[in-house]
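The lines below spell out each chain.
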Amino acid sequence: MSRLDDELRAALGRAEPPPDFTARVLARVAAEQAAATTLARPGVTRPRWRRALADLFRPLAWRPALAGALAAVIVAAGLGAGEYRRHRQERAEGERAKAQVMLALQIASAKLNVAQKKVQEHHRRGPGAKPAAHQQSN
Amino acid sequence: MDLAAETLARAAEGDQGAFAEIVRGHQAMVYSLACRFLRDAALAEELAQEVFLDLYRHLATIESPEHLRFWLRRVTSHRCIDEGRRRQRRPELTVDEMPELGAMPPQRDPIMALTLQRLVAALPDKPRLVVTLRYQEDLEPAEIARVLDMPVNTVKSHLRRSLTLLREKVTRCLGEVEV
């Protein structure tokens, strides 16, 4: 087993998804179940739904008010989807920034440890001693 | 019946709490695999959700906790490969453009860890997936071969070539470090 194997194992650890991940999976499961239940209810079958839609778009049944309402729903759905996408993107950027701060802190801490070790070593050897040769730390 | 098998059985009978437990227990594995392959946290989260939704639909076919882990790794890997194919026309990211994975546990050597993460992220799709399954999931080449439907020798050859490349690059990036 080489050192690279160990370093890869340490570097490629698992990362947790955002905290609300499980809740959102369960919400999607519930939404899917609700849709399935609605379709399974007597009287709420796909052919009747299709017939109603066909009636709505038949020229004689066409009403401007219905058309307006339909357009409003479509526009609202589009705006909602855009807002949701923007929210997701902002959250992902926030997570990324947080991870970068954590990494910077880890790197700073690692470097401080190295510096502290060198200072301690210098004190141990006495004030007149030459500094030790540079060693590559892990 | 152990606890994991019992949870699986309850989830298969429609117990939402048991299913939530399964999701919580495996979400880091699925999300990390997707994130390392797709190199996009939001897309990885979306794919991971799809995988668990798919699991919910197939709970009745899952025979044991081991089968569950195998199923999740296999479905995640294949969905990642499909997504990778869909995005093939997009330009490849350079090493410096690779996104961070999100909250990771503290590393022994953060500089080495970051360098390796970026170098692994720059590997081509299949070798990257093989290396991730080997070192993130600690799978043997034969297990990786089963997950990816790939001959064992191909897995071994991907691993050998990737490790040689990573060793060279990490030495070049970090100086004369013995790896």
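Keep in mind that what you see is a predicted model, and the values were worked out from it rather than measured.

About the thresholds
- Residues numbered from 1 in each chain as written.
- Chains lettered and ligands numbered in written order.
- Predicted model: local features only at pLDDT ≥ 70, side-chain atom pairs only at ≥ 80, totals over all residues.
- Heavy atoms only, no water.
- Helix = DSSP H or I, 4+ residues; strand = E, 2+ residues; numbered from the N terminus.
- Buried < 20%, exposed > 50% of the residue type's maximum accessible area, 1.4 Å probe, protein only.
- Contact = heavy atoms within 4.5 Å.
- Phe/Tyr/Trp six-rings, centres within 6.5 Å; stacked < 30°, edge-to-face > 60°.
- Patch = residues over 30% accessible without salt bridge, like charges linked within 9 Å, V, L, I, M, F, W, Y side chains within 5 Å.
- Areas by Shrake-Rupley, 256 points an atom, 1.4 Å probe, with all protein chains shown as cover.
- Salt bridge = Lys/Arg side-chain N within 4 Å of Asp/Glu carboxyl O.
- Disulfide = S-S within 2.5 Å.

Peer 1: Is there a simple way to think about the overall build of chain B in this case?
Peer 2: Helix and strand content of chain B: 8 helices and 0 strands. Secondary structure elements of chain B occur, N-terminal to C-terminal, as α-α-α-α-α-α-α-α. Within chain B, the fraction of its 179 residues that count as buried is 54%. Across chain B, contacts joining residues at least 24 apart in sequence account for 63% of those joining residues at least 6 apart.

Peer 1: Could you clarify how one ought to interpret unusual backbone geometry in this entry?
Peer 2: Generally, phi is negative for residues other than glycine and the peptide bonds are trans, each holding for most cases. Residues and elements named next belong to chain B. Non-glycine residue D138 carries a positive phi angle of around 60°. For D138, the location among the structural elements is in the loop between α6 (125–135) and α7 (141–148). The phi dihedral of D149 falls on the positive side, at around 55°, and the residue is not glycine.

Peer 1: Would you explain the side chain of S32(B) in this entry?
Peer 2: For S32(B), the position within the fold is in helix α2 (residues 16–38). Excluding residues within four positions of it along the chain, S32(B) makes contact with R14(A), A15(A) and Q136(B).

Peer 1: Explanation requested: the environment of V51(B) in the structure shown.
Peer 2: Residues and elements named next belong to chain B. Considering the arrangement of structural elements, one finds V51 in helix α3 (residues 41–57). The class of V51 is buried, set by a relative accessible area of 0%. Counting along the chain gives 28 residues from V51 to R79, while the straight-line C-alpha distance between them is 8.2 Å. Apart from the residues lying within four places of it in its own chain, the contact partners of V51 are V30, W71, L72, V75, T76 and R79.

Peer 1: Can you help me understand the packing of aromatic side chains in this one?
Peer 2: Taken as a whole and assessed by the stated rule, the structure comprises 2 aromatic pairs over all chains. Judged by centre distance (5.9 Å) and plane angle (75°), the ring pair of F21(A) and F52(B) falls under edge-to-face. With F21(A) in helix α2 (residues 21–40) and F52(B) in helix α3, this pair bridges two chains. The class of F21(A) is buried, set by a relative accessible area of 0%. Where F19(B) meets Y56(B), the ring centres are 4.9 Å apart and the plane angle is 70°; that geometry is what we call edge-to-face.

Peer 1: How should a nonpolar patch on the surface be read in this particular structure?
Peer 2: A surface patch of nonpolar side chains, about 300 Å² in accessible area, is lined by V101(A), M102(A) and L105(A). Looking at the secondary structure, you find V101(A) in helix α4 (residues 64–125).

Peer 1: Please explain the state of the cysteines as it appears in this structure.
Peer 2: Covalent bonding between the sulfur atoms of two cysteines is what defines a disulfide. Counted by the stated rule, this structure contains 0 disulfides over all chains. Residue C35(B) stays outside any disulfide, its sulfur separated by 9.6 Å from that of C80(B), the closest cysteine.

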